[in-house]
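Given next are the chains, with one letter for each unit.
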Amino acid sequence: MSVRRIFARPARFAVIAPYLWMVLFFLVPFGFVLKISLSQTAIAQPPYVPVFELTQGAAAIKAAFAALSLDNFRLLVSDDLYVLSYLRSLVVAGVSTSILLLIGYPIAYGMARLPRRWQSVAMMLVIVPFWTSFLIRIYAWINILQHDGLLNKILLALHLVSTPVVWLSTDSAMYLGIVYSYLPFMILPLYATLAKMDPALLEAASDLGASPGRAFWLVTFPLSLPGVLAGVLLCFIPITGEFVIPDLLAGSDSLMIGQTLWLEFFTNKDWPVASAAAVLLLVLLLAPLLFYDRLQRRQLEGTR
Amino acid sequence: MASHPNRISRFNIASLALGLAFLYLPIAILVIYSFNGSRLVTVWGGWSLRWYHEFFGDRAMIDAAWMSFRVAASSATIATLLGTLAAVALSRGERFKGRTLFSGMLYAPLVMPEVITGLSLLLLFVAVNAERGFWTVTIAHTTLTLCFVAVVVQSRLGSLDRSLEEAAMDLGCDPVRAFLAVTLPLIWPAIIAGWMLAFTLSLDDLVIASFTTGPGSETLPIRIYSEVRLGVKPEINAICTLVIGLIAVVIVVASLATKLSSAQAKSAAPL
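Everything numeric in this text was worked out from a predicted model, so none of it was measured.

The rules we used
Residues numbered from 1 in each chain as written. Chains lettered and ligands numbered in written order. Predicted model: local features only at pLDDT ≥ 70, side-chain atom pairs only at ≥ 80, totals over all residues. Heavy atoms only, no water. Helix = DSSP H or I, 4+ residues; strand = E, 2+ residues; numbered from the N terminus. Buried < 20%, exposed > 50% of the residue type's maximum accessible area, 1.4 Å probe, protein only. Contact = heavy atoms within 4.5 Å. Areas by Shrake-Rupley, 256 points an atom, 1.4 Å probe, with all protein chains shown as cover. Lys, Arg positive; Asp, Glu negative; His and termini not counted. Charge placed at Lys NZ, Arg CZ, Asp CG, Glu CD. Core = buried A, V, L, I, M, F, W, Y, C linked by side-chain atoms within 4.5 Å. Phe/Tyr/Trp six-rings, centres within 6.5 Å; stacked < 30°, edge-to-face > 60°. Salt bridge = Lys/Arg side-chain N within 4 Å of Asp/Glu carboxyl O. Polar contact = N/O pair within 3.5 Å; in protein donor to acceptor, adjacent residues only side chain to side chain. 1 Å grid on protein atoms, 1.4 Å probe; cavity = no way out; pocket = protein on both sides within 12 Å on 5 of 7 lines; lining within 4 Å. Points joined across faces, edges and corners; volume = space filled by probe spheres on them. Nonpolar A, V, L, I, M, F, W, Y, C, P; charged D, E, K, R; others polar. Buried area = accessible area lost by both parts, 1.4 Å probe. pLDDT = per-residue confidence, 0-100. Axes fitted to C-alpha atoms, helices over the stretch in contact; angles between N-to-C directions. Parallel < 35°, antiparallel > 145°, perpendicular 65-115°, else oblique. Expected span 1.5 Å × (residues − 1). Bend = angle between axes of the 7 residues up to and from the residue. Patch = residues over 30% accessible without salt bridge, like charges linked within 9 Å, V, L, I, M, F, W, Y side chains within 5 Å. Disulfide = S-S within 2.5 Å.

**Let's talk about the overall build of chain B**
When its secondary structure is counted, chain B shows twelve helices and zero strands. Put simply, chain B runs from its N terminus to its C terminus through helices and strands in the order α-α-α-α-α-α-α-α-α-α-α-α. Across its three principal directions, the C-alpha atoms of chain B cover 70 × 70 × 30 Å. Within chain B, buried positions represent 59% of all 271 residues. Of all intrachain contacts in chain B linking residues separated by at least 6 positions in sequence, the fraction that spans at least 24 positions is 70%. When the accessible surface of chain B is summed, it comes to about 11,100 Å², and 67% of that surface belongs to carbon and sulfur atoms. Charge-centre separation for chain B: the mean point of 19 positive side chains lies 7 Å from the mean point of 16 negative side chains.

**Concerning the overall build of chain A**
Scanning chain A from N- to C-terminus turns up 14 helices and zero strands. Counted from the first residue to the last, chain A has its helices and strands arranged as α-α-α-α-α-α-α-α-α-α-α-α-α-α. The buried share of chain A, reckoned over its 304 residues, is 53%. Summed over its atoms, the accessible surface of chain A is roughly 14,200 Å², and 69% of this surface lies on carbon and sulfur atoms.

**Focus: the nonpolar core**
Counting 180 residues, the largest nonpolar core has W131 and Y182 of chain A together with F102, L106 and F211 of chain B as its most contacted members. With 16 residues, helix α8 (residues 171–196) of chain A is the single largest residue contributor to this core. Apart from residues no more than four positions distant in its own chain, Y182 of chain A is found in contact with L100, F134, C235, P238, I239, E242 and I245 of chain A. Counting residues in hydrophobic clusters, the runner-up holds five residues, among them M169, C173, A178 and V182 of chain B.

**Section: the packing of aromatic side chains**
Scanning the entire structure with this criterion turns up 31 aromatic pairs over all chains. Ring centres 4.7 Å apart and planes at 55 degrees place the aromatic pair W21 of chain A and F25 of chain A in the tilted group. Remark: F25 of chain A and W21 of chain A occur in helix α1 (residues 2–37); sequence separation between them is four residues, near one turn of the helix. Taken as a pair, W21 of chain A and F25 of chain A share a single burial class, namely buried. Through a chain of ring-to-ring contacts, the aromatic side chains of F243, W262, F265, F266 and W271 of chain A together with F211 and Y225 of chain B assemble into a single cluster.

**A short note on the pattern of salt bridges**
Per the counting criterion, the structure on display carries six salt bridges over all chains. Within this structure, E218, R223 and E227 of chain B form a network of salt bridges that share partners.

**Details of the side chain of D205 of chain B**
Secondary-structure assignment places D205 of chain B in the loop between α8 (175–204) and α9 (207–212). For D205 of chain B, which is buried and forms no salt bridge, the nearest opposite charge comes from R137 of chain A, at a distance of 12 Å. Reaching out from D205 of chain B, the side chain makes a polar contact with the backbone nitrogen of I208 of chain B at a distance of 3.2 Å.

**A short note on empty space enclosed by the protein**
Summed over the entire model, instances satisfying the criterion amount to four cavities of 30 Å³ or more. Size it by volume and the largest cavity reaches roughly 500 Å³. Considering the residues around the largest cavity, the lining is formed by 25 residues, among which F134, Y182 and F185 of chain A together with E114 and L201 of chain B are closest to the centre. Contributing elements (two or more residues each) for the lining of the largest cavity: α6 (134–145) and α8 of chain A together with α4 (99–111), α5 (114–127), α6 (134–158) and α8 of chain B. Of the residues contributing to the lining of the largest cavity, the split by class is 19 nonpolar, one polar and five charged.

**Section: the side chain of R113 of chain A**
Position of R113 of chain A among the secondary structure elements: in helix α4 (residues 80–113). At 2.7 Å, the side chain of R113 of chain A and the side chain of Y109 of chain A are in polar contact.

**Here's the deal with the environment of V115 of chain B**
Position of V115 of chain B relative to the elements: it lies in helix α5. By relative accessible area, which is 1% here, V115 of chain B ends up buried. In this structure, the C-alpha to C-alpha distance between V115 of chain B and T138 of chain B, residues 23 residues apart in sequence, is 17 Å. Ignoring anything within four residues of it in the chain, the contact list for V115 of chain B reads G241, F243, G258, L261 and L281 of chain A together with V207 and F211 of chain B.

**Description of the interface of chain A and chain B**
Facing the 103 residues of chain A at the interface are 109 residues of chain B. In this assembly, chain A packs against chain B so that about 9,800 Å² is buried in total across both faces, 77% of it on carbon and sulfur atoms. At the junction of chain A and chain B, the tally comes to one salt bridge. One salt bridge in this structure joins D247 of chain A and R229 of chain B, with 3.6 Å as the shortest N-O distance.

**Considerations on helix α13 (residues 257–267) of chain A**
All names here are of chain A. Among the eleven residues of α13, eight are classified as buried, and the element is accordingly described as predominantly covered. For α13, every residue scored as buried is listed here: I257, G258, Q259, T260, L261, W262, E264 and F265. Looking at the residues trailing α13, positive phi occurs at K269, about 55 degrees.

**Here's the deal with the confidence of the model for chain B**
Confidence in the prediction for chain B averages 83 pLDDT; 90% of positions are at 70 or higher. Within the model, pLDDT remains below 50 along residues 262–271 of chain B, and this stretch shows 18 contacts once partners closer than five positions in the same chain are excluded.

**Here we look at the packing of α4 of chain A against α13 of chain A**
Residue and element names in this part refer to chain A. Two numbers describe how α4 lies on α13: the axes approach to 8 Å, and their chain directions differ by 140 degrees. Between α4 and α13, the angle falls in the class oblique. Residues Y82, S85, Y86 and S89 of α4 touch α13, and the partners they reach there are I257, T260 and E264. Its residues assigned to classes, the contact of α4 with α13 comprises three nonpolar, three polar and one charged.

**As for α8 of chain B**
The terminal C-alpha atoms of α8 of chain B lie 38 Å apart, and with 30 residues this falls more than 12% below the ideal 44 Å at 1.5 Å per residue. Considering bend angle alone, the principal kink of α8 of chain B is centred on L184 of chain B and spans about 55 degrees; proline P185 of chain B follows within four residues of it.

**Structural notes on unusual backbone geometry**
Apart from glycine, the bulk of residues carry a negative phi angle, and the bulk of peptide bonds sit in the trans form. All names here are of chain A. In this structure, H159 is a non-glycine residue whose phi angle is positive, near 60 degrees. The topology assignment puts H159 in the loop between α7 (150–157) and α8. With a phi close to 55 degrees, K269 is a non-glycine residue in the positive phi region. With respect to the element layout, K269 can be found in the loop between α13 and α14 (271–301).

**Comments concerning a nonpolar patch on the surface**
Together, V91, V95, I99, L102 and I103 of chain A line one region of the surface with nonpolar side chains, adding up to about 400 Å² of accessible area. Tracing the backbone through its elements, the reader meets V95 of chain A in helix α4.

**So, the state of the cysteines**
One pass over the structure, following the stated rule, counts zero disulfides over all chains. Among the cysteines around C147 of chain B, which has no disulfide bond, C235 of chain A carries the closest sulfur, lying 19 Å off. On the basis of relative accessible area, C147 of chain B is assigned to the buried category, the value being 0%.

The structure is reproduced here in structure tokens:
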């Protein structure tokens, strides 16, 4: 206790630099997104009509507030294109997260059952792909899935198909890419809670006559729920805004919101609409984000 | 089997093996094909280093790789400094004003979709009329990666025995000295691991860099992305293999660093 008291003052100084940095480069930029989402599109550089300039005095600010417009948001909720891409993002994130949980759980469970010595090796093996470039891993799949790629060659050689199957630019390719990329994010929090579990609990369950399956559903699974929650949030939130994977692996007939935003920004140069799309995406993700924040805080700071 | 409910079953081993195979096979295939002599990506034309020669002759690609390397090294260094300070403040400081906001700002970027982070930073840079290029990308990457560093270092600080610091102060150290003499050497491995993680995350990032960079300063992922969109090129296999090799070196160094620290810190290292 005394340590904390004595450390408190220097620690307070330590916070200044990172605090200012995050306010300046994380919080303030959201203000700009909000501001530009409320302004009009213009063919200019930068391509929007400024909402207000602080340098022009109070009258100008008042005038600017009068000119604020919700047009971009009205466009987003009235145009099917945007509504559909929001829906698609949620569906894709939901489906992929479920698949990830179904695949990730047995893997994490297997890891937690390994002898101690092997657990750290297995964990290392799961972490390594997380460090390897996202783009490279997607590219690796393009190699395999393309028209005359390895997968089609194997399927043809095994006479499972008679003509090459189109894999690229399909939803299955996209789901495969997402599951592949996010699997470590699902496995690691699951493993962390499963490895902490007391083995005596399962022995007790078995002594009391529970079958292994029953013991799993009554003991192991409920105790692993914090890990399940962490893994689900860690996957669901970023997948909803995913851009690279659907862009490279899925077809172009229906877009996820990340792609729509990218398209509005880079291709149509409509910064206000892109900003409004970002604001709506953020609103959509606010609840899971706050939830995740609480979880993370409890995990890192809850020891005290 | 029922008498040993905690014994590893065949199902456990099978799911583990299949999972690892799923994670590694595509990368292994990519590495093997980077040594393919044939121009056709899908036909095996014997072992060859031809695509590596091609890469080293590709001026634009080399420039992009150099740019990425510089951005990764500088942003990782700044991020490690700031992230460590943040971790110390959160785990050793008392409740200060805006602590909830601060930790919220630190944890949110870990999961925040990159399109949002990228767009918002770009709008900031445009608003202040900053010239976009090396520095804007570096600042953007620092903002993202300092959060990862903070989490890695914070989890190490949390598992540390407080009595060591207490002992140092009982022996007459002031808090800063106690931190430098006792705490810092103990969390050093986590700091190194944090730097490495920040470095690889920056090297890897496409979306945030695309938003925040300016004309004429492409990073490697941006360059690779524009090539990949045009189709599979064997040269890309070679570049990817080189990047994987570089990251492998980084991982070995980082894991040697974490091996020095306790197993508990290691279990929290990836996130």
